Amino acid sequence: MSTLAITRARWFPAVLGIGSFAAAILVVELLIRVGLINRFIVPMPSEILRAFPRVIVEEHVLWRFLVTAAEAFSASILVTVFGVAGGVLLYQFRLLRAATETWVAAVAAAPLVLIYPLYLVIFGRNATTIVMMGFTAGLAPVILKTLEGLAGTRRVLINVGRSFNLTHSQQFWKILFPAALPTIFVGTRLGLIFALINIVGVEFLINFGGLGQLINELAERYDLPGTYAAITFVILVSICVFLLTERLERWLRPVD
Amino acid sequence: MAETGRLTIPAASRPWLWPVTALRIAIITAVLVAWEALAASGLLYRDVVPSLAAIGKALFNLLTVPDMPVHIDLDLRVVHIDWRLTIPAIYWHLYSTFYEIAVGMVIGCLSGLVVGIAIGGSRLLRRAYEPLIYYLGPCPKIIFFPVMIMWFGVGPGSKIAMGAISCFFPVALNAAGGMREIDQVLIRVGRSFRANTWQMVTKIYLPAMRHPIINGVRLGLGVCLIGTLLAETKLSNRGVGFLVIQAYSLFNMPLMYALLIVLFVIAIGANALIGRFGGLDDIKSR
């Protein structure tokens, strides 16, 4: 097989990506062994690999994962219910939409996670603070996307509903909501991702809860291989959630 | 010659207050009244919801009362500056945070731009490395903070690194996307003029990618701000994030609200500024 044929092969980019990542890890391992990188600052990748079973068994990673998942699930339920309801409310009342849409967009751009000390005071150092932080962070995108989905319903569909003399409620449930559902799901997905990011972040910051707390605890114990292993685990979980929601979105929007 | 002017609403039929403005004022008033009523009722723990007057006073003190001595000693050969001033401490903390964010943004944006252009410009590199950036992008970056502390210490270095990491991903992804969408005619024109790589980047790629890059920088600024400030709340002795967590530790709720107001105004203002001066409004109006 010629070099050109190899580089044009479908599998080559994936192999190149994964291969260069593996090569970078090997180089780091080598540099640490040689002494060019301080092993008390960066642990050897082989040590991190060996730390995985220890972190999984001794630090109860599965249980912590379930705690974080439960928090994310609670936050996503709240985000979906209140976000979709908020979007529908703004769609139904044009004046309210004109008055507040820019505010919601401004809130979406604001660094909301910084109000976590305020939530600590109001709700205490417990799971409610973490869930409410996820909810606060994920709400604005769901409202905006729901509004976008409803407002973007094709005029012809609405006219079909009118020609059938559908009531206001039927028009909403039979025409508007199904037509807006894919866009609403995009918003829910964004909301879930925002919520998850903030949940893990706040767990880490307040040293409470699941996976975020695990990283903080291991770092405070100066267990470097364990810290790196836990960070890798959180990255893998984030990627899995991202992939899963992306698949769901594609399933809902087969035309795209 | 007939004169045509702009169509205007006659003064008599023009409403004194537009309904949208009236509703906005009504909402703001309702929220403020509800807040004040909640503060006076004592339904929540005392001081968790302080009165508006207390928050206003804290905001005024925060921005105007000088409580921090500063010594500026500059020898500029021609003139020697030796000033001893007392300023409100918030400005020094704001300076620290701005410095960390600015350096983090420069590092994150430049590296994101280089990686984005490289990935967007090559089909092979894009298929090999874009998934890595795409899937790492939504991870919570704050989890890297313990690592950044090990690498760069507990000072501003680790906060700058947090800002740079946070900013890198949106800029790289937007630059790669922008690079892909450049009109091929422009690239062929550049090549036909035998432009070298630097000329292609500065004369063709960057001008053509202006909007996606600015969008990336705007997104990057938001996450850079969050990354830096969260890092300051976790471990620091300077910056606005440190002030917020200190207000929490001292249970000084009016001060905490005042700080959050200052932060949100700065964040939303910076975001709007980048959007306006970056020409994002032009795209929307097209």
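A quick note: this is a predicted structure, and the numbers were derived from the prediction, not measured.

A. Fine view of the overall build of chain B. Counting its regular elements, chain B contains 12 helices and two strands. Tracing chain B from N to C terminus, the helices and strands come up as α-α-β-β-α-α-α-α-α-α-α-α-α-α. Within chain B, the proportion of its 286 residues that are buried is 36%.

B. Fine view of helix H7 (residues 127-151) of chain A. All names here are of chain A. Taking 1.5 Å per residue as the helical rise, H7 with its 25 residues ought to reach 36 Å, and the 36 Å between its terminal C-alpha atoms agrees with that figure. A maximum bend of about 35 degrees is found in H7 at Gly138, where proline Pro141 lies one to four positions downstream. Most of H7 is tucked away: 21 of the 25 residues are buried.

C. Summary view of the nonpolar core. The biggest cluster of nonpolar side chains holds 127 residues, and the ones touching the most others in it are Ala195 and Ile215 of chain A together with Leu259 of chain B. Considering every element that reaches this core, the biggest residue donor is helix H9 (residues 168-206) of chain A, with 19 residues. Sequence-distant contacts of Ile215 of chain A, defined by excluding residues within four places in its chain, comprise Phe204, Thr227, Ala230, Ile231 and Val234 of chain A together with Ile143 and Pro146 of chain B.

D. Seen up close, the environment of Thr102 of chain A. On the secondary structure map, Thr102 of chain A appears in helix H5 (residues 94-109). On the basis of neighbour counts, which here come to 10 C-beta atoms within 10 Å, the residue Thr102 of chain A falls in the exposed class.

E. Spatial organisation of the packing of helix H4 (residues 61-92) of chain A against H5 of chain A. All names here are of chain A. Direction vectors running N to C along H4 and H5 enclose 125 degrees, while the axes themselves pass 6 Å from each other. One finds that H4 runs oblique with respect to H5. In this structure, H4 contributes Leu89, Leu90 and Tyr91 to the contact, and H5 contributes Leu96, Arg97, Thr100 and Glu101. A class-by-class count of the residues in the contact of H4 with H5 yields four nonpolar, one polar and two charged.

F. Layout of the confidence of the model for chain B. Taken over all residues, the pLDDT of chain B has a mean of 85, while the share at 70 or more is 90%. If you check the scores for this complex, the pTM reads 0.83 and the ipTM reads 0.84.

G. Seen up close, the interface of chain A and chain B. Contacts between the two partners involve 37 residues from chain A, matched on the other side by 42 residues from chain B. Taken together, the elements giving at least two residues each to the side of chain A that touches chain B come down to helix H2 (12-34), H5, helix H6 (116-123), H9, helix H10 (211-220) and helix H11 (224-252) of chain A. The greatest single-element share of the side of chain A that touches chain B, amounting to seven residues, is contributed by H11 of chain A. The residue makeup of the side of chain A that touches chain B, split by class, is 31 nonpolar, six polar and no charged.

H. Structural view of the pairing of strand E2 (residues 80-87) of chain B. Residues and elements named next belong to chain B. Within E2, only zero of the eight residues are buried, which leaves the element largely exposed. Bridging between strand E1 (residues 68-75) and E2 involves eight bridges; their strand directions are antiparallel. Its bridge partner lying in E2, Val70 is registered against Leu85. Between E1 and E2, which pair antiparallel and follow one another directly, the connecting turn spans four residues, one of which, Arg77, has a positive phi of 60 degrees.

Reading the values: the criteria
- Residues numbered from 1 in each chain as written.
- Chains lettered and ligands numbered in written order.
- Predicted model: local features only at pLDDT ≥ 70, side-chain atom pairs only at ≥ 80, totals over all residues.
- Helix = DSSP H or I, 4+ residues; strand = E, 2+ residues; numbered from the N terminus.
- Buried ≥ 20, exposed ≤ 12 C-beta atoms within 10 Å, placed from the backbone.
- Expected span 1.5 Å × (residues − 1).
- Bend = angle between axes of the 7 residues up to and from the residue.
- Core = buried A, V, L, I, M, F, W, Y, C linked by C-beta atoms within 7 Å.
- Contact = placed C-beta atoms within 7 Å.
- Axes fitted to C-alpha atoms, helices over the stretch in contact; angles between N-to-C directions.
- Parallel < 35°, antiparallel > 145°, perpendicular 65-115°, else oblique.
- Nonpolar A, V, L, I, M, F, W, Y, C, P; charged D, E, K, R; others polar.
- pLDDT = per-residue confidence, 0-100.
- Pairing = 2+ DSSP bridges.

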